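# Structural overview for review
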Amino acid sequence: MKYNPALDGMRAVAIVLVFLSHAHAPMFDGAFFGVDLFFVLSGFLITSLLLKEHQQSGRLDFWRFYQRRFLRLAPALLLFLAAYWLFAPLIWPGIEDVNKDVLVSALYLADYGIAFFDSPDTLLHMWSLSVEEHFYLIWPPLLVLLLAHTARKQLWRPIMLLVLLMFVWRAYWVADGQHFYEIFFRFDTRATGMLLGSALAAVAVHRPEWMDALHARQKYLLWLLPVLPFAVIGYAWDDAGALLWGFAMVELVAAAIIVAVSKQKGVLFDMLSLPALVWVGKMSYGIYLWHYPVVRLLRAHTDWQWVVILGLPISAALAALSFYTVERWALSWRDRSGSKPVAQPAGSRTA
């Protein structure tokens, strides 16, 4: 599938929203919805990759998939955690549980750790990486099962059924009165976005008959875009409405953006393909890793304006250092070690 720079631009929008949320910028209390853009895009890209492989070879090489995911994600994560383990006690002398926080993060257990055990305490942003890792582990074999019992052009239907079931599951816990943070951080209550992206990938790869009609009417989908700023401004942390309708609306916005830029033309595509946005999108994984301790340090010593002005460039510089050293090495090793070429999804060359 042809590389689509606008999807890297979408990543950039997502990471900037997350950064503004953690910087405690006024009017961006709900900017945590940026993570939901990530989730939908991740589900779309990964499932596109898996479906293209299945189209080409008639099977999925699980070992190869997990190996490629490891080489894409683990080197940058381990570098970040090693730096945090070394420097956090020096920067924050009174900090506790550094060893435990690093271990829980490295094992991708932060989502349930934070939801139920307040661990990791100082690396809260690790939860979303754990959510995605759980998706990577569970989704390929489940997708093979769906492919074995579903016609290709109908694959989107059982996936959308899973989206609905997971939404009902989250709604059940909201109605049951479970704490906001216990619902917010968990894989099983946040899987709707990745599954929605996966359904979109099934439509994009297998192209059912109504796909052309959807593209013909994609301009109407753009009316969903104002929902994103509404959600960012209208919802705040601990708002139960965010857990239900906020997540659902932003996930639909993310899907609409992916559809709107898929033809690689139009105003939205041009906006998201600006070189600066594309570069930030390519660095978004590293920026996400490094930004939270940077923001915590700056928040303790300065106002939010300086947190934004200084924090994003510092985080981007650390991300670039990681990307052009250990990550680039790991990516070259990953691409050399692949036994056969597989078409990359229409998002980032580093997906």
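The text that follows walks through the structure, step by step, so that each part is easy to find. (Residues numbered from 1 in each chain as written. Predicted model: local features only at pLDDT ≥ 70, side-chain atom pairs only at ≥ 80, totals over all residues. Heavy atoms only, no water.)

## Things to note about the pattern of salt bridges
Two side chains bearing opposite charge may form a pair once their charged atoms approach each other closely. Evaluation of the coordinates by the stated rule reveals five salt bridges. Between Asp8 and Arg11 there is a salt bridge; the shortest N-O distance is 2.7 Å. Here Asp8 pairs with Arg11, and both are found in helix H1 (residues 5–22), just three residues apart, close to one helical turn. Take Asp8 and Arg11: they sit in the same class, and that class is buried. A salt bridge links Asp36 to Arg190; its shortest N-O distance comes to 2.6 Å. Of the two residues, Asp36 is situated in helix H2 (residues 34–57) and Arg190 in helix H9 (residues 187–190); the sequence distance between them amounts to 154 residues. Arg190 carries the same exposure label as Asp36, and that label is buried. Several salt bridges share partner residues, and in doing so they unite Asp8, Arg11 and Lys282 into one network. (Salt bridge = Lys/Arg side-chain N within 4 Å of Asp/Glu carboxyl O. Helix = DSSP H or I, 4+ residues; strand = E, 2+ residues; numbered from the N terminus. Buried < 20%, exposed > 50% of the residue type's maximum accessible area, 1.4 Å probe, protein only.)

## Regarding the side chain of Ser322
Here Ser322 lies in helix H18 (residues 304–337). We classify Ser322 as buried; its relative accessible area is 1%. Setting aside anything within four residues of it in sequence, one finds Ser322 in contact with Ala76, Leu79, Trp290 and Glu327. (Contact = heavy atoms within 4.5 Å.)

## A look at the packing of helix H6 (residues 126–149) against helix H7 (residues 156–175)
Contact geometry for H6 and H7: axes closest at 10 Å, N-to-C directions at 130 degrees. The angle between the axes of H6 and H7 places the two elements in the oblique class. Once H6 is placed against H7, the crossing between them reads as right-handed. Between H6 and H7, the residues in contact are Trp139, Leu142 and Leu146 and Pro158, Ile159 and Leu162, respectively. Grouping the constituent residues of the contact of H6 with H7 by class yields six nonpolar, no polar and no charged. (Axes fitted to C-alpha atoms, helices over the stretch in contact; angles between N-to-C directions. Parallel < 35°, antiparallel > 145°, perpendicular 65-115°, else oblique. Left-handed = near helix turned anticlockwise from the far one by under 90°. Nonpolar A, V, L, I, M, F, W, Y, C, P; charged D, E, K, R; others polar.)

## Concerning the packing of aromatic side chains
If you walk through the whole model with that rule in mind, you get 26 aromatic pairs. Both rings, one in Phe33 and one in Tyr235, keep their centres 5.9 Å apart while their planes meet at 70 degrees; by these two values the pair is edge-to-face. Taken as a pair, Phe33 in the loop between H1 and H2 and Tyr235 in the loop between helix H13 (227–234) and helix H14 (240–261) lie far apart in primary sequence, 202 residues in all. According to the relative accessible area criterion, Tyr235 is buried, its value standing at 14%. (Phe/Tyr/Trp six-rings, centres within 6.5 Å; stacked < 30°, edge-to-face > 60°.)

## Side note on a nonpolar patch on the surface
On the surface, Trp85, Leu86, Phe87, Leu90, Ile91 and Leu297 cluster together into a nonpolar patch covering about 610 Å² of accessible area. Counting residues per element, the nonpolar patch draws most heavily on helix H3 (residues 62–91), which supplies five residues. Structurally, Leu86 is set in helix H3. Among the residues examined, Leu86 registers a relative accessible area of 49% and is labelled partly exposed. (Patch = residues over 30% accessible without salt bridge, like charges linked within 9 Å, V, L, I, M, F, W, Y side chains within 5 Å. Areas by Shrake-Rupley, 256 points an atom, 1.4 Å probe, with all protein chains shown as cover.)

## A word on the environment of His134
Structurally, His134 is set in helix H6. Distance from His134 to Phe187, taken between C-alpha atoms, is 7.0 Å for residues 53 residues apart in sequence. Contact partners of His134, with chain neighbours within four places excluded, come to Tyr108, Asp111, Tyr112 and Phe187. Among the polar contacts listed, one links the side chain of His134 to the side chain of Asp111, at a separation of 2.8 Å. (Polar contact = N/O pair within 3.5 Å; in protein donor to acceptor, adjacent residues only side chain to side chain.)

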